[in-house]
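# Fold and contact review
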Amino acid sequence: MSLEDNTLQFIKDMGITEIEVEESGLSIEILQEIAEDYKKNALILLDEAEYIAKKIQRCESVHSVRWRIKSVSHLIKKIVRKLIGKEPSEKYRGINANNYKTIVTDLIGVRAIYLFKSDWEIVHKHILSRWITKEDEQVTIYHRKGDIMDIYKEYPECEQKIHFYNYRSIHYLVPATKINSEQIFCEIQTRTIFEEGWSEIDHKVRYPDFSEDENLMSYLTIFNRLAGSADEMGSYVNELVALIKKNNQLEEDRTVKEKQFLAEKEKLQLDIDNLSKTEKSIDKVRQAYEQLINVQKEELESLRSELKSQTNENIRLNRHEKTPMVILLDQSSEITNNGVHEGEIEIEVTRTNRFATFTGHFDPKFDCIPTVEVELIETKGIETDKSRLSVTTGVGQPHNFNVHLFNKDLGYIEVGKYKFKFKGYVAN
């Protein structure tokens, strides 16, 4: 095979084109040297990947771990891609077989999967207790626009980034081994099992040929929302199990206390009977007995009250207290000559959600269930296009009506203030 044939075969094997190589400013010889050096060190990198994976697997909240090293073609393709396009990477300029191992920071990739969103904190602390992350690279939390990020609010040092393709994952860059004095880095990713499923399917069907296909993107977006909902359901189940266990423990504690109470009562009764037979004064004993009974009754009542409150507690989808999502700021209305209620309502959305719901009131109320029309007239949401908001109403009583607000573009209702006008009347 001639030198030219060898070059053409290399370009084909790497999945790149001659035009891309020329645009990158690198020679084919440099790319071939990088590829050959990488092949020589592949086993060292694989051993290191497995070693890091085992250290992560020791975390009690990790369900499973996957690891890999970059394929040769993906490495060469990435290097070329970084040097072409509108914004070539300065870091990759001058890359060669002697320095690529430090420049490319994801030669080793390890992914930790956990079951519940709330597990991320335990995994996060486990990773940071074993590695010091790369100095110039923050821990990055990639998420979908509209995701509720409450569980990360205690970690402002982590950078939160909205991903264009709705990708959800948390990334860490940690030092691995050294080869010929070159520091190798490992990219650790953590995510839930549902995020992993969506990401794998997205990567399989969207890359590389249909990445911008409108129909495919639409279905993947729906699928992504389902994955997010599945995570919420998983968190709900986890919290429900914790509450059931707590209630069961309270029930057990109550049973134990009741047995102790009965045993003490029997003992005291026996003592009183014995004292009565000796015809000695037992006033003090009876008084102590009554006091003890009252104390134990109070303890039992407190326990029952706690059990009841826990049973009736609203199950939250995460471990943090949430502020109200919608606050009714103001409602004004008047009745026209023909009996029509007309007015305005202003609300504030305090945290993002897929939709917002609130209730308006009629005073005085109608004699029957009225027809209600509601229209959005103003919003102060930074990214909200008023024309893309849809409003639906529900009326089941003569004195109030429900309003539901959706955003077709964002897929969620943005934090901010919203003003509506409404009209209520009895249709002829």
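Here is what the cut-offs are and how they apply
- Along each chain, the written sequence defines residue order, and numbers are assigned to residues from 1.
- The predicted nature of this model means local features are confined to residues of pLDDT at least 70 and side-chain atom pairs, given and counted, to a pLDDT of 80 or more, with totals for whole chains, interfaces and linings taken over all residues.
- Excluding hydrogens and water, the side-chain values take into account all heavy atoms of the structure.
- Here, the term nonpolar core denotes a set of buried Ala, Val, Leu, Ile, Met, Phe, Trp, Tyr and Cys residues that are joined through side-chain atoms within 4.5 Å.
- Buried residues are those whose accessible area, probed at 1.4 Å on protein chains only, stays under 20% of the maximum for their type, while exposed residues exceed 50% and partly exposed ones sit between those limits.
- By the criteria applied, helices consist of DSSP H or I runs no shorter than four residues and strands consist of E runs no shorter than two, each listed in order from the N terminus.
- Contact criterion: two residues are considered in contact whenever any of their non-hydrogen atoms come within 4.5 Å of each other.
- Pairing between strands is defined by DSSP: at least two bridges between the two strands are required.
- Axis lines are fitted through C-alpha atoms, for helices just across the contact stretch, and the angle between N-to-C directions can take any value from 0 to 180 degrees.
- Helix crossings are classified by the rotation of the near helix relative to the far one: an anticlockwise turn of less than a right angle makes the crossing left-handed, while a clockwise turn makes it right-handed.
- Each salt bridge in this description consists of a side-chain nitrogen of Lys or Arg and a carboxyl oxygen of Asp or Glu lying within 4 Å of one another.

### Section: the nonpolar core
By size, the foremost hydrophobic cluster in this structure holds 58 residues, and its most contacted members are L31, I56, I76, I79, I108 and I188. Counting residues per element, this core draws most heavily on helix α4 (residues 42-57), at six residues. With near-sequence residues (within four places) excluded, I108 lies in contact with L45, E48, A49, R68, I69, A176, I184, F185, C186 and E187. A356, F358, F362 and L405 belong to the second-largest nonpolar core, a separate cluster that totals 20 residues.

### Comments concerning the sheet that holds strand β13 (residues 416-425)
Spatially, β7-β8-β13-β10 is the arrangement adopted by the four strands of the open sheet, whose pairing is antiparallel. The sheet terminates laterally at β7 (326-335) and β10 (371-379), the two strands that pair on one side only. Direction aside, neighbouring strands of the sheet carry axes that sit 20° apart on average.

### Section: the packing of helix α3 (residues 28-40) against helix α5 (residues 72-82)
Between α3 and α5, whose axes approach to 10 Å, the crossing angle comes to 145°. The two elements α3 and α5 meet at a crossing, and its hand is right-handed. Residue-level contacts link L31, I34, A35, Y38 and K39 of α3 to V72, L75, I76, I79 and V80 of α5.

### Some remarks on the environment of I179
Mapped onto the fold, I179 is located in strand β5 (residues 169-179). Distance from I179 to T102, taken between C-alpha atoms, is 9.6 Å for residues 77 residues apart in sequence. Ignoring any residue separated from it by four or fewer positions in sequence, one finds I179 in contact with N41, I44, L45, K101 and I184.

### Re the sheet that holds strand β3 (residues 140-143)
Adjacent strands of a sheet pair through backbone hydrogen bonds, lying either parallel or antiparallel. Reading across from one edge, β1-β2-β6-β5-β3-β4 is the order of the six strands in this open sheet, with mixed pairing throughout. Of all strands in the sheet, those bounded by a partner on one side alone are β1 (64-69) and β4 (159-162). Averaged over neighbouring strand pairs, the angle between their axes works out to 25° when direction is ignored. For β3 and β5, the ladder comprises three bridges, and the chain directions are antiparallel. Bridging across to β5, Y142 finds its partner in S169. Running at roughly 110° to strand β6 (residues 182-192), helix α8 (residues 193-206) makes contact with β1, β2 (108-114) and β6 of the sheet.

### Things to note about the pattern of salt bridges
Where charged atoms of side chains with opposite charge meet at close range, the side chains can pair. All told, the structure shown has 17 salt bridges when counted by the stated rule. A salt bridge links D136 to K134; the nearest nitrogen and oxygen atoms lie 2.7 Å apart. Using a relative accessible area of 56% as the deciding quantity, one classes D136 as exposed. Here E375 makes a salt bridge to K421, at a shortest N to O gap of 3.8 Å. Highlighted residues: E375 in strand β10 and K421 in strand β13, separated in sequence by 46 residues. Within this structure, R66, R111, R191, E196 and E200 form a network of salt bridges that share partners.

Function cannot be read off these values alone, since they describe shape.
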